[in-house]
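One letter stands for each residue in the lines below.
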Amino acid sequence: MSGAPILSAFRQALGEAWAGGAGALLPLGFFAGTTVLVPLGVGTEPATLRAIGPGILWVSLALSSLVTLERVFQADTEDGALDLWLQTGAPAAAIAAAKTFAHWLTAGLPLALLSPMLLLMFQARASGALLENMGLYAIGGIAFYFWGGVGAALSATVRRGGLLISLIALPLYVPTAIFGALAMGDGPSSASAPLFLAATTLFALAAAPFAMGAALRLAAD
Amino acid sequence: MFSWFANPHRFVKLSDWLVPACYVLAAVGILWGLWQGLWIVPKDDYQGGDIMRVMFIHVPAAWLAMASYLGMAVMSFVWFIWRHEVADIAAKAIAPLGATWTALCLATGAIWGKPTWGTWWQWDDARMMSVLFMFFLFLGYMALRAAMDTRQKAARAGAILAMVGALNVPLIKFSVDLFTSLHQDASVITAEGPKMAAVYLWPLLISSFGHTLLFAALVMTFMRAEIWTRRAAQLRARLMTGD
Amino acid sequence: MSVGSLLYGNNIGIMRGERVLFRDVSLSLSPGEAIVLRGANGAGKTTLLRILAGLTQAETGEVSKQGAHHWIAHREGLKPHETPADHLRLWARAWGQTVEVRQLLADMGLSKPADVPAKYLSAGQRRRTALARLRLEDRPIWLLDEPFTALDADGKSLLQAMISNHRTQGGGVIAAIHGEAGFEFDTQVEI
Amino acid sequence: MLSVFESNSTFIWASYAVGLVLIGGAIATAWFKSRNAKAELIRIEARIQDQKRR
């Protein structure tokens, strides 16, 4: 078996993400939109905003991953592409991982890149920490996308599966959200939290593809 | 050919006497624990006085919240590997009951928390938070099964999700622990532990045992109902095709 | 298993919910043979084909194949933004083939819409694009689900020619077809 | 008859009341479910017997 089918699945998912409507603009708009709604709800006190900003961004990142993942596998089951991918001889887990990674790249990573700007709007002080946070959002986003991908694959055949994905995936987002928030806080564990965050992401990368693969085989059944 | 029914049949036979026995023993255990907990044992002033009597329902519920999720995950695993029909029926039966005891654990925890910490919901308590996320896992499991159009698909999807959840529970627990260790100012009670006086330990153990037996009896009752429902659906399908 | 058969299915049975869709279906595909699956709507022709392809798990029985297979179904596997040329290039790459895509598109009568996204194509053009995959790689077994639907007269004769050419080269075809078969076949399997 | 507590008796009784409602609900659900399932099965079996006789 060669890696050609996996690479092709990755390439198709990239093309699909860019071609589907506005590409990365859609999740970016959602991310920015949900984020800027918060100061309107909780008030504009600079100290408050500075304290909650990083956490709000984690929540927005989680939500926008759910919104973008809803269609990933659903479209594949509807147009028959999933049947073709599952017959390439490549492991279903690898196909699923390639597609999910492509979606993180087109939707998750841009959100991380946008984060310094949003944090500045939340009264964060301009410093190198903003770039560190950008890295943390990028790493944590991978875990969000992979666990969210499990929810998306499991509900690929369910009509209006978006709510189901959220219910399934949100408990799995907890460790990432917690370590992410701790890493950006100034508590005693803010030094070790980034390592835990990275470990959580590695765990997601190792475990989630198998669940996604099994779920995709089920979706095609 | 399609001989999966052989095993459920054996289960129904076994549970014919096991279920009533469990109900009776469970009633004895729970009632004795209640009587001891509410009437007999003295209040513990180190634990905030009389309020510690909530323990005799809260601790069994907490134990069952954990044990039922583990049980569901094990059953899912057994089904996934060996495709043993009864294992799937068991996993399906555990989910709503596990959610019930998990909700009981959360509710009694909140009621215990109010007079003790002065708040219904203690965000800094790792155990409460972990149990809450487990409750969500149960809900997701049930919603996913309900969304699938055949029982075979529900079994496969449910098994995958239960196993994914089981993999994540330790991680969730660990992250919540780390999160809450930052906020030590809240005085979390440490009621559990072997150092507890025997007057409390025995009623606690007996009532936990009673709750466990009641849980088992209810799971088996749900399983019997599910087996009969599936059997009826099978016969109905046969009636329609005229076999 | 009979010697030299390309595909062999034994006692295949499947349930959907509590409904037995079909049971004890056996078939064997020899080189050069064409089998047509017959049955009323909902009898399980597509499901049987999916079991043979390895997509659906059967409750009973087993399937063994000598060699790779091609899969053509109702859902063509085309993405809305994909053009026929994109589609064939993608799958040629995924299967590790180097194919002159323009020539293939011309052979399939798809020169004109070669660079039109699939969402603007007619059903017949989409079907032709899917059928072009059969020519990306030589595979002994073709599994076709209603291959003639949506094709015009030209398309039908093109597919007939492809099938007979495939069979003279020792390939086998299993097609699920409702109504007029539309091509010469040897065996009919009722479900 | 009810046990008398020095403090927090509302909270204590409330927690056991919640337990009664939740567990009682579970028991009632189990009872109804199994009764209905059994009745349905018996009904179908009778119909099949009926059909065979004809």
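Residues numbered from 1 in each chain as written. Chains lettered and ligands numbered in written order. Predicted model: local features only at pLDDT ≥ 70, side-chain atom pairs only at ≥ 80, totals over all residues. Heavy atoms only, no water.

Looking at an unreviewed UniProt entry, chain D carries the name Heme exporter protein D, with the source organism given as Hyphomonas atlantica. The record in UniProt for chain D states the following under Subcellular location (unreviewed entry): "Cell inner membrane". The heading Function (unreviewed entry) in the UniProt record of chain D holds the text "Required for the export of heme to the periplasm for the biogenesis of c-type cytochromes." (UniProt positions renumbered as here; feature names shortened; annotations may be inferred.)

As annotated in an unreviewed UniProt entry, chain B carries the name Heme exporter protein C and is attributed to Hyphomonas atlantica. UniProt annotates chain B under Function (unreviewed entry) with the comment "Required for the export of heme to the periplasm for the biogenesis of c-type cytochromes."

## A short note on the overall build of chain B
In terms of regular secondary structure, chain B is built from six helices and zero strands. For chain B, the sequential pattern of α-helices and β-strands runs α-α-α-α-α-α. Among the 243 residues that make up chain B, the fraction classed as buried is 56%. Partitioning the intrachain contacts of chain B with sequence separation of at least 6 by distance along the chain shows that 79% fall at a separation of at least 24. (Helix = DSSP H or I, 4+ residues; strand = E, 2+ residues; numbered from the N terminus. Buried < 20%, exposed > 50% of the residue type's maximum accessible area, 1.4 Å probe, protein only. Contact = heavy atoms within 4.5 Å.)

## Focus: the pattern of salt bridges
All chains considered together, the criterion is met by 29 salt bridges over all chains. A salt bridge links Arg145 of chain B to Asp88 of chain B; its shortest N-O distance comes to 2.9 Å. With Arg145 of chain B in helix α4 (residues 126-147) and Asp88 of chain B in helix α3 (residues 85-117), this residue pair connects regions lying 57 residues apart in the sequence. Relative accessible area serves as the criterion here: at 3%, Asp88 of chain B is assigned to the buried category. With its nearest N and O atoms 2.9 Å apart, the salt bridge here joins Arg139 of chain C to Glu137 of chain C. The class for Arg139 of chain C is buried, based on a relative accessible area of 11%. Salt bridges sharing partners connect three or more residues here, namely Glu85, Asp88, Lys92, Arg145, Arg151, Glu226 and Arg230 of chain B together with Glu18 of chain C. (Salt bridge = Lys/Arg side-chain N within 4 Å of Asp/Glu carboxyl O.)

## Remarks on the interface of chain B and chain C
Counting from both sides, the interface comprises twelve residues of chain B and, opposite them, 13 residues of chain C. Taking both sides of the interface into account, the surface hidden between chain B and chain C amounts to around 1100 Å²; carbon and sulfur atoms contribute 58%. Inspection of the region where chain B meets chain C yields one salt bridge. Inspection of the region where chain B meets chain C yields two residue pairs in polar contact (both at pLDDT 80 or more). Contributions of two or more residues to the side of chain B that touches chain C are made by α5 (151-180) and α6 (198-241) of chain B. Sorting elements by how many residues they give to the side of chain B that touches chain C places α6 of chain B first, with four residues. For the side of chain B that touches chain C, the per-class residue count stands at five nonpolar, three polar and four charged. (Buried area = accessible area lost by both parts, 1.4 Å probe. Polar contact = N/O pair within 3.5 Å; in protein donor to acceptor, adjacent residues only side chain to side chain. Nonpolar A, V, L, I, M, F, W, Y, C, P; charged D, E, K, R; others polar.)

## Digging into the arrangement of the chains
Taking contact number as the criterion, the leading pair out of four pairs of chains in contact is chains B and D. Separated without contact, chain A and chain D have their nearest C-alpha atoms at a distance of 23 Å. Nothing in chain C touches chain D; the tightest C-alpha to C-alpha distance between them is still 14 Å.

## Brief notes about the UniProt feature "transmembrane region" (unreviewed entry) in chain B
Residues and elements named next belong to chain B. In the numbering used here, UniProt assigns the feature "transmembrane region" (unreviewed entry) to residues 21-41, 61-82, 94-113, 128-147, 159-180 and 200-222. Overall, residues 128-147 shows 100% helix and 0% strand. The separation of its end C-alpha atoms is 29 Å. Strand forms 0% of residues 200-222 and helix 100%; the C-alpha atoms that close the span are 33 Å apart.

## Description of helix α6 (residues 129-154) of chain A
With 26 residues, α6 of chain A ought to run about 38 Å at 1.5 Å a step, and its terminal C-alpha atoms sit 37 Å apart, in line with that. Counting buried positions along α6 of chain A yields 20 of 26 residues, so the element is predominantly enclosed. (Expected span 1.5 Å × (residues − 1).)

## Digging into the sheet that holds strand β1 (residues 7-16) of chain C
All names here are of chain C. Taking strand neighbours across the sheet as the criterion, the three strands line up as β2-β1-β4 in an open arrangement whose pairing is antiparallel. At either end of the open sheet lies a strand with only one pairing partner, and these are β2 (19-29) and β4 (60-65). Between one strand axis and the next, the sheet turns by 20° as a mean value, whatever way the strands run. By the bridge criterion, seven bridges tie β1 to β2 in an arrangement that is antiparallel. Residue pairing across strands places Tyr8 opposite Ser28, the latter belonging to β2. (Pairing = 2+ DSSP bridges. Axes fitted to C-alpha atoms, helices over the stretch in contact; angles between N-to-C directions.)

## Let's talk about the side chain of Glu137 of chain C
Mapping Glu137 of chain C onto the fold places it in the loop between α4 (123-132) and β6 (141-145). With sequence-adjacent residues up to four places away left out, Glu137 of chain C is seen in contact with His70, Trp95 and Gln97 of chain C.

## Some points on the interface of chain B and chain D
Across the contact, 35 residues belong to chain B and 32 residues belong to chain D. Across the chain B/chain D interface, buried area totals approximately 3000 Å², and carbon plus sulfur atoms make up 79% of it. Here chain B is connected to chain D by one salt bridge. Among the salt bridges present, the one from Arg236 of chain B reaches Glu40 of chain D, with a minimum N-O distance of 2.8 Å. Taken together, the links from chain B to chain D amount to two residue pairs in polar contact (both at pLDDT 80 or more). If you list the elements that add at least two residues to the side of chain B that touches chain D, you get α1 (6-40), α2 (55-82), α3 and α6 of chain B. Ranked by residue count, the leading element in the side of chain B that touches chain D is α6 of chain B, at 13 residues. Across the side of chain B that touches chain D, the residue classes tally to 23 nonpolar, six polar and six charged.

## Thoughts on unusual backbone geometry
Residue and element names in this part refer to chain C. A positive phi angle is found at Glu146, which is not glycine, with a value near 45°. Among the secondary structure elements, Glu146 is positioned in the loop between β6 and α5 (153-168). At Ala150, a residue that is not glycine, the phi angle is positive and equals roughly 75°. For Ala150, the location among the structural elements is in the loop between β6 and α5.

## Side note on the UniProt feature "transmembrane region" (unreviewed entry) in chain D
Those residues carrying the UniProt feature "transmembrane region" (unreviewed entry) are residues 12-32 of chain D in this numbering. Secondary structure content for residues 12-32 of chain D is 100% helix and 0% strand, and the end C-alpha separation is 30 Å.

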